[in-house]
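Structure at a glance
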Amino acid sequence: MTQPNDTTLTAKYLEQAVELATRNVSEGGGPFGALVVTPDGRVHEGVNRVTRDNDPTAHAEVVAIRAAAAATANYDLHGAVLYASCEPCPLCLASALWARIDRVYFAADRHGAAAAGFDDAVFYDYFEGTRPELLPVTRGDIASSDAPFQAWGAFEGRKEY
């Protein structure tokens, strides 16, 4: 039996992510679905649960990453691939980076999401530095600011990441 090529697998997983997203709408969730496929071939699903769970971080990609990390008992998902029904937002991209996901594929783009009312363009503007007023971030200079890092450095049981 021949193995499907990368293009065939990508299309298969993207179709599965789109199906998850579509089904999630009928179940009261947002129109986003994602899969994390780990190197062992296991598929870990996630759907948007923001409004269902009142969790602004419960984007489909983040939910799929959480599922993969829990199932593998490892926060480092090196070698895994993320497939998303839509172009990942900055939160989801940052989550994929922290999880050390190797590659991301997506179906719809951010412009399609914006047309449906999910416009995250302003977040991209913020991270590009053109809209700092959206969320002012200021360092508070206090003497104990390095205490947690000193405790971390001295903790013999720490697990590096």
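Analysis parameters
All residue numbers here refer to positions counted from 1 along the written sequence of the relevant chain. In keeping with the predicted nature of the model, local features appear solely for residues at pLDDT of at least 70, side-chain atom pairs appear and are counted solely at 80 or more, and the whole-chain, interface and lining totals rest on all residues. Hydrogens and waters are ignored; side-chain quantities use all the structure's heavy atoms. Strands qualify as paired when DSSP identifies two bridges or more between them. By definition, any uninterrupted DSSP run of H or I lasting at least four residues is a helix, any uninterrupted run of E lasting at least two residues is a strand, and each is numbered from the N terminus. Interaxial angles span 0 to 180 degrees and are taken between N-to-C directions of axes, which are lines fitted to C-alpha atoms, for helices over the stretch in contact. Contacts are residue-level and defined by heavy atoms, with any inter-residue pair within 4.5 Å sufficient. UniProt positions are given in the numbering used here, feature names are shortened, and annotations may be inferred rather than shown by experiment.

Topic: the sheet that holds strand 2 (residues 43–47)
Spatially, 2-1-3-4 is the arrangement adopted by the four strands of the open sheet, whose pairing is mixed. Looking at strand neighbours, the two that pair on one side only are strand 2 and strand 4 (103–108), the edges of this open sheet. Along the sheet, successive strands turn relative to each other by an average axial angle of 15°, direction set aside. In this structure, strand 1 (residues 33–37) lies alongside strand 3 (residues 81–86), joined through four bridges in antiparallel fashion. The residue of strand 3 that forms the bridge with V37 is V81. Relative to strand 2, helix 3 (residues 60–72) is tilted by about 145°, and along the sheet it contacts strand 1, strand 2 and strand 3.

Focus on the UniProt feature "domain: CMP/dCMP-type deaminase" (unreviewed entry) in the protein
The residues that UniProt annotates with the feature "domain: CMP/dCMP-type deaminase" (unreviewed entry) are residues 8–119. With 46% helix and 20% strand, the stretch residues 8–119 has end C-alpha atoms that lie 30 Å from each other.

Let's talk about the environment of L134
Relative to the helices and strands, L134 is located in the loop between helix 6 (121–127) and helix 7 (147–154). Each C-alpha atom, one on L134 and one on D40, is 42 Å from the other, the two residues being 94 residues apart in sequence. Residue contacts for L134: discarding those within four places in its chain leaves V122 and Y126.

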